[in-house]
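For reference, the chains in residue letters:
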Amino acid sequence: MANLKALRIRIDSVKSTQKITSAMKLVSASKLRRAQIRAEAARPYAERMERMLATLAASAAGNPAAPPLLVGNGREATHLIVAVTADRGLAGAFNASIGRAARTLARRLEAEGKQVKLAAIGRKGRDFLRRDFGDRIIFDVSFAGRKQVEFADAEAIAQRLITLMQSGAFDVCTLVYNRFVSVISQVPTEARLIPAPVAAAPAAEASGARAIYEFEPEEEGLLARLLPQNLAVQIYKALVESAAGEQGARMTAMDNATRNAGDMIKRLTLDYNRSRQANITRELIEIISGAEAV
Amino acid sequence: MPTALEIVSPERLLLSREVDMVVVPGSEGDIGVLPGHAPMIVLLRGGLIRIFEGAKETSRMFVAGGFAEITTTRCTVLASEVSPLAEISKSAAERRINEAEAAYAAVDKADVAARDATLDHLQSARAMREVAEAP
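Procedures and definitions
- Residues numbered from 1 in each chain as written.
- Chains lettered and ligands numbered in written order.
- Predicted model: local features only at pLDDT ≥ 70, side-chain atom pairs only at ≥ 80, totals over all residues.
- Heavy atoms only, no water.
- Helix = DSSP H or I, 4+ residues; strand = E, 2+ residues; numbered from the N terminus.
- Buried < 20%, exposed > 50% of the residue type's maximum accessible area, 1.4 Å probe, protein only.
- Areas by Shrake-Rupley, 256 points an atom, 1.4 Å probe, with all protein chains shown as cover.
- Lys, Arg positive; Asp, Glu negative; His and termini not counted.
- Charge placed at Lys NZ, Arg CZ, Asp CG, Glu CD.
- Contact = heavy atoms within 4.5 Å.
- Buried area = accessible area lost by both parts, 1.4 Å probe.
- Salt bridge = Lys/Arg side-chain N within 4 Å of Asp/Glu carboxyl O.
- Polar contact = N/O pair within 3.5 Å; in protein donor to acceptor, adjacent residues only side chain to side chain.
- Nonpolar A, V, L, I, M, F, W, Y, C, P; charged D, E, K, R; others polar.
- Core = buried A, V, L, I, M, F, W, Y, C linked by side-chain atoms within 4.5 Å.

J.: Describe in detail the overall build of chain A, supporting the description with residues and values.
T.: The number of helices and strands found in chain A is seven helices and six strands. Listing the helices and strands of chain A from first to last along the sequence gives α-α-β-α-β-α-β-α-β-β-α-β-α. Structurally, chain A occupies a C-alpha span of about 110 × 35 × 35 Å along its principal axes. Among the 294 residues that make up chain A, the fraction classed as buried is 44%. Of the roughly 15,300 Å² that chain A leaves accessible, carbon and sulfur atoms contribute 54%. Separation of charge centres in chain A, based on 42 positive and 31 negative side chains, amounts to 8 Å.

J.: Lay out the interface of chain B and chain A with the relevant residues and their values.
T.: The partner chain A presents 22 residues to the 26 residues of chain B that form the contact. Each partner contributes to the roughly 2,300 Å² buried at the junction of chain B and chain A, and carbon and sulfur atoms together form 62% of this total. Among the ionic pairs, D120(B) bridges to R225(A), the shortest N-O distance being 3.0 Å. Our count for the chain B to chain A interface comes out at eight residue pairs in polar contact (both at pLDDT 80 or more). Counting residues per element, the ones that place at least two in the side of chain B that touches chain A are β1 (3-8), β4 (29-33), β5 (40-44), β8 (66-70) and β9 (74-79) of chain B. Class assignment of the residues belonging to the side of chain B that touches chain A gives a composition of 14 nonpolar, five polar and seven charged.

J.: Account for the nonpolar core, with residues named and values stated.
T.: Counting residues in hydrophobic clusters, the biggest one holds 60 residues, and the most contacted among them are L70(A), L161(A), L226(A), I235(A) and L239(A). Looking at which element gives the most residues to this core, the answer is helix α7 (residues 219-293) of chain A, with 13 residues. Apart from residues lying up to four places away in sequence, L70(A) is in contact with L53(A), L56(A), A57(A), A60(A), P195(A), A196(A), L223(A) and L227(A). In terms of nonpolar packing, the next biggest core, distinct from the first, is built from 21 residues, L15(B), V22(B), A68(B) and V77(B) among them.

As structure tokens, this is what we get:
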């Protein structure tokens, strides 16, 4: 029976798809644990750095000699959006949601009359953004084939941003990345890198945000060391959060795919058995009516 | 009122507790932080962080460099690398000194920022050996 054979082939193919998706799920689950530990370990440092920078930016506001990395260069005409995505797909909406977030932000800024440039960290983000903003992607970075991102990678990206900033390629820089909330939830987040966001939260106020710091060595020298370090730390945080989120998203996506494949196999097997039985019944009727006719 | 001390490195939060005094190795000399210290941001050199509770020194850690934020109520050490004294070995320090010396020899002396960075690494590595040798 042609119909039966087609069904059998179909079931086999869904079964092998299911094997692949469930293997991918297991791989992601084991990678996730490591990535999650890294992401969580990077948080305290980044948070405290951020807190310190926020107070610094608040106290430097209005000081014309403050370094541009801290307070910006006074203009807001050109925005750089750095989108952090994964290098591989098959992770549900993980990459697309960053692409969409970056696109929405870019459109909004353009509507406000700003000039927008983009940078893509991760192959998927580059491919997504190239469709709409092909000529405005000024650089892209990919970690394809690497086991995990290192702090040195973040430092390299930070250095690149600083050089671009000094050459006047952009005035404001925003990072768009997936924040790892839990295995099933990654939230696209916008974080401003340059200029550093000013402390506005009342919590910071209470803990002495108004305090004017003394510096040792002198302010200029210290900030020259501190600001690039901060930039690298914030980028590193985004990279490891995104890496953990990617594994979480892939695990969830592959879990769903495995379950869907299971449902499909069940349905196809039912169809297969039904038509097999129908065939047998029909043959029996043919034999019996043939025998009666004799 | 004690000072809330936190020591973090990019990899982990090493310590977070209340102490009576902490001495951090500032780039221009050690700084003792007592409650009510004037707010400061300090660049750190490689050296020892010493923690005092009561009049007694209760623990020591090696920090390879970084920053410290001091306010009247807390002291936050943002270290590039930090480890308890027990985890420091002389052989690792020697290896690091050799690497740092090679980097310093190779660096372009006209590039002030790069030269200073390698010098800092060298100083930090030497401080690590000193710490490892100390009883």
